[in-house]
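Listed here are the chains, written in short residue letters.
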Amino acid sequence: FFFLLLLTYSVGYIGGSFVTPEAMLWYDGLILSDFNPPDSWFGIAWALLYFLMAFSAWIVWGRVTPRPFVLQLLFNLLWPFLFFHLKMPILALIDVILMIVFVLCTIIKFVRVSAIAGWLMIPLLLWSIFALYLNAIVVLYNTQVGIWFGIIYSIFLFVSCISSGVYVPVVG
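Residues numbered from 1 in each chain as written. Predicted model: local features only at pLDDT ≥ 70, side-chain atom pairs only at ≥ 80, totals over all residues. Heavy atoms only, no water.

### What to know about the overall build of the protein
Point 1. Counting its regular elements, the protein contains eight helices and zero strands.
Point 2. Secondary structure elements of the protein, listed N to C terminal, follow the sequence α-α-α-α-α-α-α-α.
Point 3. In the protein, buried positions account for 36% of the 172 residues.
Point 4. The long-range fraction of contacts in the protein, counting pairs at least 24 apart against all pairs at least 6 apart in sequence, stands at 75%.
Point 5. For the protein, the computed accessible surface area is about 10,200 Å², with 77% contributed by carbon and sulfur atoms. (Helix = DSSP H or I, 4+ residues; strand = E, 2+ residues; numbered from the N terminus. Buried < 20%, exposed > 50% of the residue type's maximum accessible area, 1.4 Å probe, protein only. Contact = heavy atoms within 4.5 Å. Areas by Shrake-Rupley, 256 points an atom, 1.4 Å probe, with all protein chains shown as cover.)

### Remarks on the pattern of salt bridges
Point 1. One pass over the structure, following the stated rule, counts one salt bridge.
Point 2. With a shortest N-O distance of 3.3 Å, E22 and K87 are connected by a salt bridge. Here E22 is found in helix α2 (residues 21–28), whereas its partner K87 is found in the loop between α4 (67–85) and α5 (89–113), with 65 residues between them in sequence.
Point 3. You can call E22 exposed: its relative accessible area is 54%. (Salt bridge = Lys/Arg side-chain N within 4 Å of Asp/Glu carboxyl O.)

### Some points on the packing of helix α1 (residues 2–16) against α4
Point 1. Two elements in contact, α1 and α4, have axes whose closest approach is 8 Å; the angle formed by their N-to-C orientations is 20°. Compared by their axis directions, α1 and α4 come out roughly parallel. As α1 runs across α4, the sense of the crossing is right-handed. Counting all contacts with α1, which are made through L7, T8, V11, I14 and G15, the residues of α4 involved are F69, L73, N76, L77 and P80.
Point 2. Partitioned by chemical class, the residues of the contact of α1 with α4 number seven nonpolar, three polar and no charged. (Axes fitted to C-alpha atoms, helices over the stretch in contact; angles between N-to-C directions. Parallel < 35°, antiparallel > 145°, perpendicular 65-115°, else oblique. Left-handed = near helix turned anticlockwise from the far one by under 90°. Nonpolar A, V, L, I, M, F, W, Y, C, P; charged D, E, K, R; others polar.)

Below, the structure written as structure tokens:
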């Protein structure tokens, strides 16, 4: 169990090292979701999630392949590097999608051996989906991709309204 705790918390420690004061200045200048929690919540949430991951993996250790578990940890580690260090929220968005895929794979593998181990991974899945939403908002409101998406979406709404005979002004 200690090894798994060390592994998961090391991912958090190394990932956290990319959240530098310079990176936080950049982050503070972004347009964020209205549902973005205070910065202090992230450390608390991840501390709990890393513990749950380690405990879940310990329950099934030696009875399932650790590959999806390790891959979700790797994508977990890669996210702060992409988002905060490289300041590339689009790549971070792709990363979090892949992380969610491997969290789902981990849950499926774990639940076949222990329902408890699978359920202990659900908070990570939910938090990761929330992170996907937060990351997507950053991409939509702070990148060229977001601008083009907004333009295309507005055109789509306009064409849909006109073709259905309903005119709804789009207010930005």
